[in-house]
Amino acid sequence: FSTMATASMSAASESKEFEVRDLADLISKSECFCLNEKVVQNWKNLFMDDDRFMLISDADEQLLLHVGFNETVKLHSINFQAPDAESAPCTIKLFINRDSMGFSDCEDIEPTQVLKLSTEDLKKDSVTLLKFVKFQRVSSLTIFVEDNFGADNTVLSSIQFFGSPVATTKMGEFKK
């Protein structure tokens, strides 16, 4: 191969690695949990792809959702969906690679990014872009819903993550 052909093949494989896609298959459900959720309307409903099932906060409007990934990812954007404007999340703080956060930690620790959502941001075909440079090596994401648009409880019907896996060697698949 000529140097030019090798360079273009390398660029093609590199661009494939950074292709933004839905990361649903990389979510590790065993590492996911949510604090202040209603027992039946819990975090598992967010990944059912059915608007009738929702995550609803319990005692107040705040939610603390932790999402683990099977492998390290680069997060590009998130799609939050909510059925009702008043109970939809408004202020969201994102924290990467923090595995055991509580509500008090959300006040004490600097978030990776703060999102102020509008009702337009909560539609099925809308995505909220992240500061991509801050989300390059994400193994888990903690989502703190600080408030909503005025309701007693916060309701989310779906959440989708978009990005790409980080190319790494999986030691478990390494042959001796």
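What counts, and at which threshold
- Residues numbered from 1 in each chain as written.
- Predicted model: local features only at pLDDT ≥ 70, side-chain atom pairs only at ≥ 80, totals over all residues.
- Heavy atoms only, no water.
- Helix = DSSP H or I, 4+ residues; strand = E, 2+ residues; numbered from the N terminus.
- Areas by Shrake-Rupley, 256 points an atom, 1.4 Å probe, with all protein chains shown as cover.
- Salt bridge = Lys/Arg side-chain N within 4 Å of Asp/Glu carboxyl O.
- Buried < 20%, exposed > 50% of the residue type's maximum accessible area, 1.4 Å probe, protein only.
- Phe/Tyr/Trp six-rings, centres within 6.5 Å; stacked < 30°, edge-to-face > 60°.
- Pairing = 2+ DSSP bridges.

Enquirer: Explain the overall build of the protein chain to me, using residue names and the numbers behind them.
Expert: When helices and strands are counted, the protein chain shows 2 helices and 10 strands. Surface exposure of the protein chain reaches about 9700 Å², of which carbon and sulfur atoms provide 52%.

Enquirer: Help me get a handle on the pattern of salt bridges, residues and values and all.
Expert: Scanning the entire structure with this criterion turns up 4 salt bridges. Residues Asp58 and Lys38 are paired through a salt bridge, measuring 3.9 Å at the closest nitrogen-oxygen approach. Of the two residues, Asp58 is situated in the loop between β3 (55–56) and β4 (63–81) and Lys38 in the loop between β2 (27–35) and β3; the sequence distance between them amounts to 20 residues. You can call Asp58 partly exposed: its relative accessible area is 42%. Lys38 gets classed as partly exposed once you look at its relative accessible area, which sits at 29%.

Enquirer: Account for the packing of aromatic side chains, with residues named and values stated.
Expert: On inspection of all chains with the given rule, the structure shows 3 aromatic pairs. An angle of 85° between the planes, with centres 5.7 Å apart, marks the rings of Phe69 and Phe161 as edge-to-face. Of the two residues, Phe69 sits in strand β4 while Phe161 sits in strand β10 (residues 158–165), which places them 92 residues apart along the sequence. Residue Phe69 is classed as buried on the basis of its relative accessible area of 4%. Its relative accessible area of 1% is what places Phe161 among the buried residues. Centroid distance Phe103 to Phe144: 6.0 Å. Interplanar angle 70°. Geometry classified as edge-to-face.

Enquirer: Tell me what's going on with the pairing of β4, and back it up with residues and numbers.
Expert: The element β4 is extensively covered by neighbouring structure, given that 17 of its 19 residues are classed as buried. Bridging between β2 and β4 involves 5 bridges; their strand directions are antiparallel. Looking at β4, one finds that Cys34 is bridged to Leu65. Bridge count for β4 against β10 is 8 bridges, and the pairing is antiparallel. Within β10, the position partnered with Val73 by the bridge is Pro165. Judged from the 2 bridges that link them, β4 and strand β7 (residues 128–129) form a sheet pairing that is antiparallel.

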